[in-house]
Amino acid sequence: MPSEKIQEIINELDNLMNRERKYIELVATVEYLLNLIEPSKREKFKEALYDAETVEDVYELIKAIKLQLGIQGARRYLLTLEGQQ
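Residues numbered from 1 in each chain as written. Predicted model: local features only at pLDDT ≥ 70, side-chain atom pairs only at ≥ 80, totals over all residues. Heavy atoms only, no water.

Take the overall build of the protein chain next. Within the protein chain one finds three helices and zero strands. Going residue by residue from the N terminus, the α and β elements of the protein chain occur as α-α-α. In terms of its C-alpha atoms, the protein chain occupies a principal-axis envelope of roughly 75 × 20 × 15 Å. The 85 residues of the protein chain split such that 20% are buried. Restricting to contacts in the protein chain with at least 6 residues of sequence separation, those with at least 24 account for 65%. Looking at the protein chain as shown, the accessible area adds up to about 6,900 Å², and 57% of this sits on carbon and sulfur atoms. (Helix = DSSP H or I, 4+ residues; strand = E, 2+ residues; numbered from the N terminus. Buried < 20%, exposed > 50% of the residue type's maximum accessible area, 1.4 Å probe, protein only. Contact = heavy atoms within 4.5 Å. Areas by Shrake-Rupley, 256 points an atom, 1.4 Å probe, with all protein chains shown as cover.)

As a further point, take the pattern of salt bridges. Applying the stated rule across the entire model yields two salt bridges. Between Glu-38 and Arg-75 there is a salt bridge, and its shortest N-O distance comes to 3.1 Å. Taken as a pair, Glu-38 in the loop between α1 (4-34) and α2 (39-51) and Arg-75 in helix α3 (residues 55-84) lie far apart in primary sequence, 37 residues in all. (Salt bridge = Lys/Arg side-chain N within 4 Å of Asp/Glu carboxyl O.)

Take a look at the structure:
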């Protein structure tokens, strides 16, 4: 069994790896979602992803993307309703 000091270092490294893995997964998710955003708005979101420094920043960006996709979907829905009249 490693000493307490060594175990502490191992735990810190493990936590760092888990955070980095989560960050990478979230960035990949955002990059996928960016393809669903209308082209005129996409660049702003790409810039926000580039500026994100923490996992929390990326989570906030995902929330913003969800809102944007909701707006796009609502707009398309309204346009189809108008087209039916």
